[in-house]
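A closer look at the structure
Given next are the chains, with one letter for each unit.
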Amino acid sequence: MHERSPKVKQAFFRDIRISLVTWVVLELLCFGLMPLAQVYPRSNVEPLFWPSIVLGIAGILVLSLSSGAVEDALTITERQPQVWRRRIAKVTSILGLIGITFPMALIMYQFGIAIRDYEG
């Protein structure tokens, strides 16, 4: 296996930092502040706490690895392998983003339930 370039390492660690901060903020909002502000009951989201932790950590790692893979693909001189590696990296990036933003999806779902119950 070849040594990773400094750009690849830099992209990996940059994306870990950004993803981690984003995910932690969303976790605090979803499982801490929103139930504390009584926007929705904690019992509505409590069963999804551990799956959210697992999805978030996995999402952070997948997203960071895929950004490194994109940077790494740019060093390939043959066109076809470069294109496929970038496509695979894009798909895995999307999967990583889904894991990171899972708490945001929970917040939106809970808001939808609250609006429906308020109107209904």
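The rules behind each value
Residues numbered from 1 in each chain as written. Predicted model: local features only at pLDDT ≥ 70, side-chain atom pairs only at ≥ 80, totals over all residues. Heavy atoms only, no water. Helix = DSSP H or I, 4+ residues; strand = E, 2+ residues; numbered from the N terminus. Buried < 20%, exposed > 50% of the residue type's maximum accessible area, 1.4 Å probe, protein only. Salt bridge = Lys/Arg side-chain N within 4 Å of Asp/Glu carboxyl O. Core = buried A, V, L, I, M, F, W, Y, C linked by side-chain atoms within 4.5 Å. Contact = heavy atoms within 4.5 Å.

1. Considerations on unusual backbone geometry
Residues apart from glycine generally show negative phi values, whereas peptide bonds are mostly found in trans. The phi dihedral of Gln38 is positive, around 60°, even though this residue is not glycine. Structurally, the position occupied by Gln38 is in the loop between helix H1 (6–36) and helix H2 (42–45). With a relative accessible area of 69%, Gln38 lands in the exposed category.

2. A few points about the pattern of salt bridges
Applying the stated criterion across every chain yields a total of 2 salt bridges. The partner of Arg14 in a salt bridge is Asp15, with the nearest N and O atoms 3.3 Å apart. Taking the shortest distance from any N to any O, the salt bridge between Asp117 and Arg116 comes out at 3.3 Å.

3. Side note on the nonpolar core
Ranked by size, the top nonpolar core spans 7 residues in total: Cys30, Phe31, Met34, Tyr40, Val45, Leu106 and Ile107. Mapped by element, the contributors of at least two residues to this core are H1 and helix H5 (102–119). For this core, the element with the highest residue contribution is H1, accounting for 3 residues. Not counting residues up to four positions away in its chain, the partners in contact with Met34 are Leu29, Val39, Tyr40, Ile107 and Phe111.

These results come straight from atomic positions and should not be treated as a statement about function.
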